[in-house]
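Read off the chains here:
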Amino acid sequence: MSWSVRHVTPEDIPYLVAAVLNLVGELRGEPAVIPQASQAAHDLVGDEEAGLALMAVDDEGQPLGVATASYQLAVRTGGPYAIIQELWVDPGARGRGVAGALISALCDKARARGCTVVEVGLPRSSSAPFATAHRSYLSWGFQDLGLRMRKVITDADG
């Protein structure tokens with residue numbers, strides 16, 4: 001099987017959203033519901049300054065997986081850098097290099113935009129997907145940074 005990587009188009013957004021819901025569901029171990037996912041996908045696809053969304057497709061144009069990234073600016077990186085937000089490959093296409101091709105294309109596009117660093121947050125180390133994700137990112141040239149944390153901000157936070 002051969003494939004190519006291209007930018008997600010507005011017509012691809014339903015697949016992008018479904019892929020991300022599959023990713024989140026795999027990580028959580030239960031189906032994911034993200035009410036604003038479609039709007040966020042539209043915003044990302046429509047705003048090159050915010051980031052990028054890529055899709056791997058086979059020779060017949062059938063989607064195989066997606067990768068998304070956002071762009072940030074930081075003093076610690078000396079300028080812009082990219083953060084991989086989502087990477088998901090259809091289970092039937094896994095183990096064939098699709099994820100690596102998506103990451104390679106994402107890094108190339110980030111470099112062309114002036115980024116010198118690409119970062120990614122991994123699943124919890126106690127989760128089933130952690131070992132595979134960690135091993136894969138190491139094989140793609142990523143280095144361990146340590147833990148990343150987050151806080152979900154709600155209206156109750158004031």
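J.: For this particular structure, what's the right way to read the overall build of the protein?
T.: For the protein, the helix and strand inventory stands at four helices and five strands. Along the protein, helices (α) and strands (β) appear in the sequence β-α-α-β-β-β-α-β-α when read from the amino end. Taking 2.2 N^0.38 as the reference for a compact globule, 158 residues should give roughly 15 Å; the C-alpha atoms of the protein span a radius of gyration of 16 Å, in line with that estimate. Reported as C-alpha extents along the three principal axes, the dimensions of the protein are approximately 50 × 35 × 35 Å.

J.: I keep staring at the packing of aromatic side chains and nothing clicks. Help me out?
T.: Note on aromatic pairs: each is described by the distance of the centres and the angle between the planes. The tally for this structure, following the rule as stated, stands at two aromatic pairs. Centroid distance tyrosine 137 to phenylalanine 142: 5.1 Å. Interplanar angle 80°. Geometry classified as edge-to-face. Through successive ring pairs, a cluster of aromatic residues spans Tyr137, Trp140 and Phe142. When the ring centre of tyrosine 81 is taken as origin, the NZ or CZ atom of arginine 76, which lies over that ring, is 4.8 Å away. A cation sits over an aromatic face here: arginine 113 above tyrosine 71, 3.9 Å from the ring centre.

J.: How do you make sense of helix H1 (residues 13-28) when you look at a structure like this?
T.: One turn of an α-helix holds 3.6 residues; hence residues three or four places apart share an orientation. Counted at 1.5 Å a residue, the expected span for H1 with its 16 residues is 22 Å, and the 22 Å between its end C-alpha atoms agrees. Every buried residue belonging to H1 is among Ile13, Tyr15, Leu16, Val17, Ala19, Val20, Leu23, Val24 and Gly25, and all of these are buried. Each element contacted by the buried residues of H1 is listed here: helix H2 (37-45), strand S2 (51-58), strand S3 (63-74) and strand S4 (79-89). The positive-phi residue at the C-terminal boundary of H1 is glycine 29, with phi of around 80°.

J.: Even after reading the chapter, I still don't get the layout of surface pockets, so can you show me in this structure?
T.: Left-over empty space is what a probe sized like a water molecule reveals as it rolls over the atoms. Its volume calculated, the second largest pocket comes out at about 310 Å³. In terms of lining, the second largest pocket is formed by 14 residues, of which the most central are Val20, Ala37, Ala40, Ala41 and Glu86. Elements that contribute at least two residues to the lining of the second largest pocket include exactly H1, H2, S3 and S4. Residue contributions to the lining of the second largest pocket peak at four residues, all from H2.

J.: I'm lost on the environment of leucine 52 in this one. Help?
T.: Tracing the sequence through the fold places leucine 52 in strand S2. Through-space distance from the C-alpha of leucine 52 to that of alanine 82 is 9.4 Å; in sequence the pair is 30 residues apart. With residues near it in sequence (within four places) discarded, leucine 52 still touches Leu44, Ala67, Thr68, Ala69, Tyr71 and Lys109.

J.: Help me understand the side chain of glutamate 119 in this model?
T.: By the element assignment, glutamate 119 lies in strand S5 (residues 118-120). Side chain to side chain, glutamate 119 and arginine 148 meet in a polar contact 3.4 Å long. Beyond its immediate chain neighbours, meaning those up to four positions away, glutamate 119 contacts Arg76, Tyr81, Ala82, Ile83, Ile84, Phe142, Leu145 and Arg148.

Criteria and thresholds
- In this convention, every chain numbers its residues from 1, walking through the sequence in written order.
- In keeping with the predicted nature of the model, local features appear solely for residues at pLDDT of at least 70, side-chain atom pairs appear and are counted solely at 80 or more, and the whole-chain, interface and lining totals rest on all residues.
- Calculation of side-chain values draws on the structure's entire complement of heavy atoms; hydrogens and water are dropped beforehand.
- For the purposes of this entry, the term helix denotes a DSSP run of H or I that reaches at least four residues, the term strand denotes a run of E that reaches at least two, and both are numbered from the N terminus.
- Every radius of gyration here is taken over C-alpha atoms, with the globule rule written as 2.2 Å times N^0.38, N being the number of residues.
- Here a pair means two rings of Phe, Tyr or Trp (six-membered ring of Trp) with centres within 6.5 Å. Their orientation is stacked below 30 degrees between planes, edge-to-face above 60, and tilted elsewhere.
- Should the NZ of a Lys or the CZ of an Arg lie within 6 Å of a ring centre and within 35 degrees of the ring normal, that charge is described as sitting over the ring.
- To estimate how far a helix should reach, multiply one less than its number of residues by 1.5 Å.
- The buried label goes to any residue with under 20% of its type's maximum accessible area, the exposed label to any with over 50%, and the partly exposed label to all in between, with areas taken from a 1.4 Å probe on protein chains only.
- Contact definition: two residues touch when any of their heavy atoms are within 4.5 Å.
- The way it works is a 1 Å grid over only the protein atoms, where trapped points that fit a 1.4 Å probe form a cavity and open points with protein on both sides within 12 Å along at least five of seven lines form a pocket, and then any residue with an atom within 4 Å of a point lines it.
- Grid points are joined across faces, edges and corners, and a volume is the space filled by probe spheres set on the points.
- Each polar contact in these results corresponds to two N or O atoms within 3.5 Å; when the atoms are within protein, one needs to be able to donate a hydrogen and the other to accept it, and residues that are neighboring in sequence are counted only if both atoms are side-chain atoms.

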